[in-house]
Amino acid sequence: PHRGGCPTGICCGGNAGLPLTGYRMTSQIPDDAKWRMEKAEGFLDLRMQGRALAELMLVSESVQRTTPWRILRLRLAFDQHDWTLGAEIAKQLREEQPAIVDYWIQLAYATRRCLGIDAAKTILEEASQRFPEIALIPFNLACYECRLGQNGIAMRHLRRAFELEPEYRETA
């Protein structure tokens, strides 16, 4: 149930909708750093955020600039509800790799929590033009519009999300 009384029934809580896993370690990352990053990911899975951060900080600065390291750091920022840091990392990733929809959605998710719905909505509106077949974008836009009291617009976005992914009806 939606805490805000949204007539669409959309829940704005949870995660960004996409997992922050599935990245590939590249050959650019030394084996010892890969091992530390794998340990950090394990600690994140166990909800041991402090240990995960300690492992991540033990790798070199050059490794900390890699995408796999930043994805893990983004996951940790989300787990810690550090939305400002999460938005900063997601924005860097999105700027470097704008063809990856995950970074757009993760940026909007963190931005909504640190700067507000209007800022996040702007990100997703641009993303919806680039990725018209990704159902999570209109689904999240529906949530934002609902929270802004724009129930008609919210329902239009929700219908589009259901067209793309009928199983989203169970989530809504």
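Residues numbered from 1 in each chain as written. Predicted model: local features only at pLDDT ≥ 70, side-chain atom pairs only at ≥ 80, totals over all residues. Heavy atoms only, no water.

### What to know about the overall build of the protein
Argument step 1. Scanning the protein for helices and strands turns up 10 helices and zero strands.
Argument step 2. Overall, the protein shows an N-to-C arrangement of helices and strands of α-α-α-α-α-α-α-α-α-α.
Argument step 3. Evaluated residue by residue, the protein yields a buried proportion of 46% over its 172 residues.
Argument step 4. Counted over contacts in the protein with a minimum sequence separation of 6, partners at least 24 positions apart contribute 54%.
Argument step 5. Surface exposure of the protein reaches about 9200 Å², of which carbon and sulfur atoms provide 49%. (Helix = DSSP H or I, 4+ residues; strand = E, 2+ residues; numbered from the N terminus. Buried < 20%, exposed > 50% of the residue type's maximum accessible area, 1.4 Å probe, protein only. Contact = heavy atoms within 4.5 Å. Areas by Shrake-Rupley, 256 points an atom, 1.4 Å probe, with all protein chains shown as cover.)

### Some words on the nonpolar core
Argument step 1. Counting 38 residues, the largest nonpolar core has Leu124, Ile137, Tyr144 and Tyr168 as the members making the most contacts within it.
Argument step 2. Looking at this core, the element that brings in the most residues is helix α6 (residues 101–114), giving eight residues.
Argument step 3. In contact with Ile137, not counting residues within four places along its chain, are Val101, Ile105, Leu124, Ala127, Ser128 and Phe131.
Argument step 4. Listed in part, the 13 residues of the second largest apolar core include Ala33, Leu56, Val59 and Leu76. (Core = buried A, V, L, I, M, F, W, Y, C linked by side-chain atoms within 4.5 Å.)

### Points about the packing of aromatic side chains
Argument step 1. If you walk through the whole model with that rule in mind, you get five aromatic pairs.
Argument step 2. Between Trp104 and Phe131 the ring centres are 6.2 Å apart and the planes differ by 70°, which places this aromatic pair in the edge-to-face class. Placement of Trp104 in helix α6 and of Phe131 in the loop between α7 (117–130) and α8 (136–147) is noted, with a sequence separation of 27 residues between them. Like Phe131, Trp104 is buried.
Argument step 3. Taking 5.1 Å as the distance between ring centres and 75° as the angle between the ring planes, the aromatic pair formed by Phe139 and Tyr168 counts as edge-to-face. Here the residue Phe139 occupies a position in helix α8, and Tyr168 occupies one in helix α10 (residues 168–171), the gap between them amounting to 29 residues. (Phe/Tyr/Trp six-rings, centres within 6.5 Å; stacked < 30°, edge-to-face > 60°.)

### Brief notes about the pattern of salt bridges
Argument step 1. Applying the stated criterion across every chain yields a total of 10 salt bridges.
Argument step 2. In this structure, Glu55 engages Arg36 in a salt bridge whose closest nitrogen and oxygen atoms are separated by 2.7 Å. Remark: Arg36 occurs in helix α1 (residues 31–45) and Glu55 occurs in helix α2 (residues 49–57); sequence separation between them is 19 residues.
Argument step 3. Exposure remark for Glu55: the relative accessible area of 8% places this residue in the buried category.
Argument step 4. As a salt-bridge pair, Arg160 and Glu133 come within 3.3 Å of each other at their nearest N and O atoms. You can see Arg160 sitting in helix α9 (residues 151–164) and its partner Glu133 sitting in the loop between α7 and α8, a full 27 residues away along the chain.
Argument step 5. Several salt bridges converge on common partners, so that one network encompasses Arg36, Lys39 and Glu55. (Salt bridge = Lys/Arg side-chain N within 4 Å of Asp/Glu carboxyl O.)

### Topic: unusual backbone geometry
Argument step 1. Of note in this structure, Arg47 is not a glycine but carries a positive phi near 65°.
Argument step 2. Phi is positive for His81, close to 60°, though the residue is something other than glycine.
Argument step 3. Structurally, His81 is set in the loop between α4 (67–79) and α5 (83–96).
Argument step 4. Classification of His81 by relative accessible area gives exposed; the value is 55%.

### Overview of the packing of α5 against α6
Argument step 1. For the pair α5 and α6, the least separation of the axes is 8 Å and the interaxial angle reads 150°. Taken together, α5 and α6 sit at an angle that is classed as roughly antiparallel. As for how α5 packs across α6, the hand of that crossing is left-handed. The residues of α6 that touch α5, namely those facing Trp83, Thr84, Gly86, Ala87, Ala90, Lys91, Leu93 and Arg94, are Tyr103, Trp104, Gln106, Leu107, Tyr109, Ala110, Thr111, Arg113 and Cys114.
Argument step 2. The residue inventory of the contact of α5 with α6, partitioned by class, reads 10 nonpolar, four polar and three charged. (Axes fitted to C-alpha atoms, helices over the stretch in contact; angles between N-to-C directions. Parallel < 35°, antiparallel > 145°, perpendicular 65-115°, else oblique. Left-handed = near helix turned anticlockwise from the far one by under 90°. Nonpolar A, V, L, I, M, F, W, Y, C, P; charged D, E, K, R; others polar.)

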